[in-house]
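# Residue-level structural notes
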Amino acid sequence: AEYMGFYDRVIGVELCKESVANATENAKLNGVNNAKFHCGKAEIILPPLIRMLSGDRITAVLDPPRSGVHINVIRAIRDCETISRLVYLSCNANAAMKNFVDLCKPPSKACSGTSFIIKKLQAVDMFPFTKQYELILLFERLSKFT
């Protein structure tokens, strides 16, 4: 049976080619036929992909490395006004803080597009007895609140 889920289309970008192969195989095994995965650096692959997106309800999910997301990814997301929600998973909130600021600051020459606002935030302790934790943030376009 085909499973479409909540979204019409799922696009994944991952640097590790084995992870892309695993994601593709998992989608196939689970009957998910609306997912396509791309291998490469998000800052190179994602901006042109985002420009091709259309629709009135796009939710982006970012799960970057400990260092955070490249500024070109943040710019592409801000410039794509059809992305109304963004889920950001962070394993290093201090390193990702610049990303959070860039997503939420007013439009400028460095970052155009409508700002986001943090709607929800949840810390998750996935590594008991350590100082490490995951942080999950839900951002929504500021225009939804004005």
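Everything below is about the structure printed above this text.
Definitions and cut-offs
Residues numbered from 1 in each chain as written. Predicted model: local features only at pLDDT ≥ 70, side-chain atom pairs only at ≥ 80, totals over all residues. Heavy atoms only, no water. Helix = DSSP H or I, 4+ residues; strand = E, 2+ residues; numbered from the N terminus. Expected span 1.5 Å × (residues − 1). Pairing = 2+ DSSP bridges. Axes fitted to C-alpha atoms, helices over the stretch in contact; angles between N-to-C directions. Phe/Tyr/Trp six-rings, centres within 6.5 Å; stacked < 30°, edge-to-face > 60°.

Quick look at helix H1 (residues 17–29) now. With 13 residues, H1 extends 18 Å between its outermost C-alpha atoms, agreeing within 8% with the 18 Å of an ideal straight helix rising 1.5 Å per residue. One or two residues past the end of H1 sits Gly31, with phi positive at roughly 70°.

Next up on the list: the sheet that holds strand S6 (residues 134–141). Remark on secondary structure: sheet strands pair via backbone hydrogen bonds, oriented parallel or antiparallel. Read across the open sheet, the four strands follow the order S3-S4-S6-S5; overall the sheet is mixed. At either end of the open sheet lies a strand with only one pairing partner, and these are strand S3 (58–62) and strand S5 (116–124). When strand polarity is set aside, the average angle formed by the axes of neighbouring strands in this sheet is 15°. Examined bridge by bridge, S5 and S6 share eight bridges and lie antiparallel to one another.

Bringing the packing of aromatic side chains into the picture now. Under the defined criterion, the tally for this structure stands at two aromatic pairs. Both rings, one in Phe100 and one in Phe139, keep their centres 6.0 Å apart while their planes meet at 40°; by these two values the pair is tilted. Highlighted residues: Phe100 in helix H4 (residues 93–104) and Phe139 in strand S6, separated in sequence by 39 residues. Each residue in the set Tyr88, Phe100 and Phe139 is aromatic and connected to the rest through ring pairs, giving one cluster.

In short, geometric facts, not functional conclusions.
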